[in-house]
There are 2 protein chains.
Amino acid sequence: MNKKSKWSINLGRIAGIEVRIHWTFFILFLYVLIVGRSQGQNLSDSLMMLAFILAVFFCVTLHEFGHALMAKKFGCKTRDITLLPIGGLARMNRLPENPSQEMLVALAGPFVNLVIAVILYVWLSLNDGLTELIDFAKLDAENFFPALFVANVVLAVFNLIPAFPMDGGRVLRALLSMRLPRHKATRIAGGVGQFIAILFVFIGLFYNPFLVFIGVFIFLGAQIETDYYQSKYLLRTFRIGDAMIHQFKPLHPSEPLSAAVNALLDGHASEFVVQDNSEPAGILTRKIILEALKTHGLDVPISQVMEKNFSVAEEEGLLDKAYEKMRMNNISIMPVVKGKKLVGLIDMENIMEFLLVRAAIANNKKLS
Amino acid sequence: MNKKSKWSINLGRIAGIEVRIHWTFFILFLYVLIVGRSQGQNLSDSLMMLAFILAVFFCVTLHEFGHALMAKKFGCKTRDITLLPIGGLARMNRLPENPSQEMLVALAGPFVNLVIAVILYVWLSLNDGLTELIDFAKLDAENFFPALFVANVVLAVFNLIPAFPMDGGRVLRALLSMRLPRHKATRIAGGVGQFIAILFVFIGLFYNPFLVFIGVFIFLGAQIETDYYQSKYLLRTFRIGDAMIHQFKPLHPSEPLSAAVNALLDGHASEFVVQDNSEPAGILTRKIILEALKTHGLDVPISQVMEKNFSVAEEEGLLDKAYEKMRMNNISIMPVVKGKKLVGLIDMENIMEFLLVRAAIANNKKLS
């Protein structure tokens, strides 16, 4: 049920974690090649440059594994690591909320680059390799590893800039979380992050287009995380039953797929619960329905194509916990049960509407 | 009911058309000021530079009015003109589909810049003003107008590059439309546009960040317009009744707003038809409900807050025409009537689902 990016390619699986590369990466290669050629590089210069980029991104991958392995210590599984031209991204199914654990996870990435830098430094010192002047525009066998040493120092230092949701920003949030409620700590760290992101965009406009992209990513990332923790905070006092949808028509496993298609086209719902003997038996999202329609046609029984591996929420459960679970695992719909009986469903859009309605009512009370 | 951008400021109304300026424009000002200062400009140089940018964007505004006034000749109303740092944007409630009319509308913009350029050229020639060397980095009273002459030539020529949806691309589409069905002409022009857009991004990465943004805009714009005409083509054989929603619960004007709020939270719908004596009396979108909740509270009767100025579709009407109307006027929901009686509703999401289901069924038939 996890959404996979169409825009990235699976490179393989290491320690149970899928490593993926984003297609924009090839733009980076092309860009570097063209810039290099236009500055008079020959073929071997260009190959050296590409080898250097690969070496740097190998270190970025190790950086992400630093986060992933530390998070694993605290019981948080990493789903995949994606390499983007502007850095790496580790997606976890949940993050440790204990501030000191969160700080250790955030620091583990830059720490990896620091360790690599120290190893390179010692090795180069023993071989008198650090006497070379480092010219990033013209790499050769002599200065390849000195340049890689510098790159790792830069990676460690840059990631420690307190621009949430970058590593340094996560450290800042963890520090704030020791004194403040989590949503407030996130809001402050997010504000600092957005401020620095704007600086990045400005500086990038003059010096480096990649910094512009990094700035935009940080700005949006900070907004998304701040909104998420704010929503979670606002949901904390409610039960799942408070925000669940009662008005819905469950499908039956023995019905043909055409029944689901009719429900999709004839009403507002685009995700459905399949019910058997008053218990939830599966779910159907629009994507599942369309895929099944393509491969099986209209007459296949729903039982054969429905997603049986789904999560269920208890009516009396806490809404913020359900919201967290749905967000972190990309779940769009959850059947709600009382005992084992299906009594409703929650979906992300409705939880958002619940919050909007609460805010509008609070706003009205303030006015009157 | 028109969505207005939160990110732009109303400058005023000329010939019934609202002229708006996007906030990112101020980034352009700041950028030019900082770059200028860092290159040793003094205050009067900077002011001259800002005056020049304003003069250029005045010409861009005239360019957009060229489109708007020509479109008006063919009965197409322009809603507003927005100035972005990368150019202007005229939003029309519909576009002429007659190829030669479309071509005239597309050409009217660059033609305005050509006329300005010719006027400046003649005037400068009579005053020996064209002998000055034009240095865009250092404008002064002497070369201000020669530079403006060059800028208008560039505006005319650049906009005629056949990168759909830019002006030149619209001319290309109009030419193709004379021989081909509209959706095919759009697909070809869109493909050419996206190819040129990628070139813009690449060239921009080396020379000018604004060209990167223009490239991204063109790429997305070409995709959106191609998808739109493709959808419209696929919908042409259907009636509105084929894709309408039957499963919905209309609200009643005398009910309190709380009934709409309950319907919003308790079900999948987020937009509602209000029905009186079996006829549609108004519509309620989520946005209207939330706004009404903020200002009036839960007890206000729906009749007082519903949108009474709405469009209605006939059950036997053509689906592609309804789709076009909804797209061009930002309508998200339309009550469907038979005679005067409310029989269903159509919304954009459901029309999209209708197309997806058709495509999936066609795909399945191809396989079997």
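Residues numbered from 1 in each chain as written. Chains lettered and ligands numbered in written order. Predicted model: local features only at pLDDT ≥ 70, side-chain atom pairs only at ≥ 80, totals over all residues. Heavy atoms only, no water.

Turning our attention to the overall build of chain A. The helix and strand tally for chain A stands at 13 helices and nine strands. With respect to the three principal axes, the spread of C-alpha positions in chain A is 75 × 55 × 40 Å. Across the 368 residues that make up chain A, the buried fraction comes to 49%. When contacts within chain A are restricted to residue pairs at least 6 apart in sequence, those whose partners lie at least 24 apart make up 62%. For chain A, the exposed area adds up to about 18200 Å²; of that, 63% sits on carbon and sulfur atoms. Distance from the positive charge centre (36 side chains) to the negative charge centre (31 side chains) of chain A: 5 Å. (Helix = DSSP H or I, 4+ residues; strand = E, 2+ residues; numbered from the N terminus. Buried < 20%, exposed > 50% of the residue type's maximum accessible area, 1.4 Å probe, protein only. Contact = heavy atoms within 4.5 Å. Areas by Shrake-Rupley, 256 points an atom, 1.4 Å probe, with all protein chains shown as cover. Lys, Arg positive; Asp, Glu negative; His and termini not counted. Charge placed at Lys NZ, Arg CZ, Asp CG, Glu CD.)

Glancing now at the pattern of salt bridges. Following the criterion strictly, the structure yields 30 salt bridges over all chains and no others. A salt bridge links Asp242(B) to Arg239(B); the nearest nitrogen and oxygen atoms lie 3.3 Å apart. Residue Asp242(B) is classed as partly exposed on the basis of its relative accessible area, which comes to 36%. Three or more residues joined by partner-sharing salt bridges are found here, namely Glu97(A), Glu102(A), Arg173(A), Arg182(A), Lys232(A) and Glu324(A). (Salt bridge = Lys/Arg side-chain N within 4 Å of Asp/Glu carboxyl O.)

Further remarks concern the sheet that holds strand β4 (residues 87-92) of chain A. Residue and element names in this part refer to chain A. With mixed pairing, four strands are arranged side by side in an open sheet as β1-β2-β3-β4. The open sheet has two edge strands, β1 (8-14) and β4, and neither has a second partner. Here the strands of the sheet are splayed against their neighbours by 25° on average, with no regard to which way each runs. Sheet topology note: the strand β2 (residues 17-22)/strand β3 (residues 78-84) ladder contains four bridges and is parallel. The residue of β3 that forms the bridge with Ile21 is Leu83. (Pairing = 2+ DSSP bridges. Axes fitted to C-alpha atoms, helices over the stretch in contact; angles between N-to-C directions.)

What follows deals with the pairing of strand β9 (residues 341-347) of chain B. Residues and elements named next belong to chain B. Counting buried positions over the seven residues of β9 gives five, a clear majority of the element. Of the pairings in the sheet, the one linking strand β8 (residues 333-338) to β9 comprises six bridges and is antiparallel in character. What sits directly across from Val337, in β9, is Leu342.

Attention now moves to the relation of the copies chain A and chain B. What relates the pair of chain copies is a rotation about an axis plus a shift along that axis. Mapping chain A onto chain B leaves a residual RMSD of 0.0 Å; the transformation is a rotation of 180° accompanied by 0.1 Å of translation along its axis. Both copies of the chain, as the preceding transformation shows, are related through a two-fold rotation axis. Considering only C-alpha atoms, the residue of chain A closest to the rotation axis is His268(A), which sits at 2.8 Å. Most of the interface of chain A is mirrored in chain B: 100% of its interface residues are interface residues there too. (Least-squares fit on C-alpha atoms with pLDDT ≥ 70 in both.)

Mapped onto the elements, Ile34(B) comes out in helix α1 (residues 24-38). Judged by its relative accessible area of 37%, Ile34(B) is partly exposed. Dropping the residues within four chain positions of it, Ile34(B) is found in contact with Phe202(A) and Phe206(A).

Given a rise of 1.5 Å per residue, 16 residues ought to cover 22 Å, and the 22 Å separating the end C-alpha atoms of helix α4 (residues 144-159) of chain B matches this to within 8%. Next to the buried residues of α4(B) lie α2 (43-73), α3 (99-126) and α5 (167-177) of chain B. (Expected span 1.5 Å × (residues − 1).)

Okay, the sheet that holds strand β7 (residues 313-314) of chain A next. All names here are of chain A. Ordered in space as β7-β8-β9, the three strands form an open sheet in which the pairing is mixed. With partners counted over all chains shown, the strands left at the sheet margins are β7 and β9 (341-347), one partner each. The pairing of β7 with strand β8 (residues 333-338) spans two bridges and is classified as parallel. Among the inter-strand pairings, Glu314 is bridged to a residue of β8, identified as Val337.

All right, on to the environment of Phe310(B) then. Residue and element names in this part refer to chain B. Structurally, Phe310 is set in the loop between α11 (302-305) and β7 (313-314). Along the chain, Phe310 and Val192 lie 118 residues apart, while their C-alpha atoms are 38 Å from each other. Residues within four places of Phe310 in sequence aside, it is in contact with Pro280, Ala281, Gly282, Ile283 and Pro335.

Turning next to the domain arrangement of chain A. All names here are of chain A. Looking at chain A, the domain boundaries give domain 1 (1-160), domain 2 (168-235) and domain 3 (240-363). Relative to domain 3, the C-alpha centre of domain 1 lies at a distance of 40 Å. Taken residue by residue, the interface counts 10 residues in domain 1 and eight residues in domain 3. Here domain 1 and domain 3 share an interface that buries about 730 Å² over both sides, 46% of which is from carbon and sulfur atoms. Taken together, domain 1 and domain 3 are joined by zero salt bridges. Across the contact surface, domain 1 and domain 3 share one residue pair in polar contact (both at pLDDT 80 or more). Grouping the constituent residues of the side of domain 1 that touches domain 3 by class yields three nonpolar, two polar and five charged. (Domains from an automatic or database assignment. Buried area = accessible area lost by both parts, 1.4 Å probe. Polar contact = N/O pair within 3.5 Å; in protein donor to acceptor, adjacent residues only side chain to side chain. Nonpolar A, V, L, I, M, F, W, Y, C, P; charged D, E, K, R; others polar.)

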